[in-house]
Amino acid sequence: MGSASPGWTVLYSLSQRRFHAFCAWPSPQPVTLSDDTVEGLEERIREAETLLISEGLPHSSGSAA
């Protein structure tokens, strides 16, 4: 998932049995997402990226700095 979602740090919680993603770029507010499945988390990540782009907030496009 890491190469499919650059700009995100993804963790798995054994106690919660959920995947969590944290944006790794500067944003006015922290962006954290979670889902029970990798596929669900990837969908939430794409939705969050679309929302950030539409609001004109800075985001990572996956290019290394």
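Below, the structure is looked at part by part. This one's a predicted model, so the numbers in the text were calculated from it and none came from an experiment.

### Concerning the pattern of salt bridges
Inference 1: By the definition in use, this model includes 3 salt bridges.
Inference 2: When the shortest N-O distance is used, the salt bridge between Arg-18 and Asp-36 registers 2.6 Å. On the criterion of sequence distance, the pair formed by Arg-18 in strand 2 (residues 18-23) and Asp-36 in the loop between strand 3 (32-35) and helix 1 (38-55) is long-range, its members being 18 residues apart.
Inference 3: A relative accessible area of 24% means that Arg-18 is categorised as partly exposed.
Inference 4: A salt bridge links Arg-46 to Glu-49, with the nearest nitrogen and oxygen atoms 2.7 Å apart. Placement of the pair is Arg-46 and Glu-49 together in helix 1, with a separation of 3 residues, close to one helical turn.
Inference 5: Looking at Glu-49, the relative accessible area reads 15%, which means it is buried.

What counts as what
Residues numbered from 1 in each chain as written. Predicted model: local features only at pLDDT ≥ 70, side-chain atom pairs only at ≥ 80, totals over all residues. Heavy atoms only, no water. Salt bridge = Lys/Arg side-chain N within 4 Å of Asp/Glu carboxyl O. Helix = DSSP H or I, 4+ residues; strand = E, 2+ residues; numbered from the N terminus. Buried < 20%, exposed > 50% of the residue type's maximum accessible area, 1.4 Å probe, protein only.

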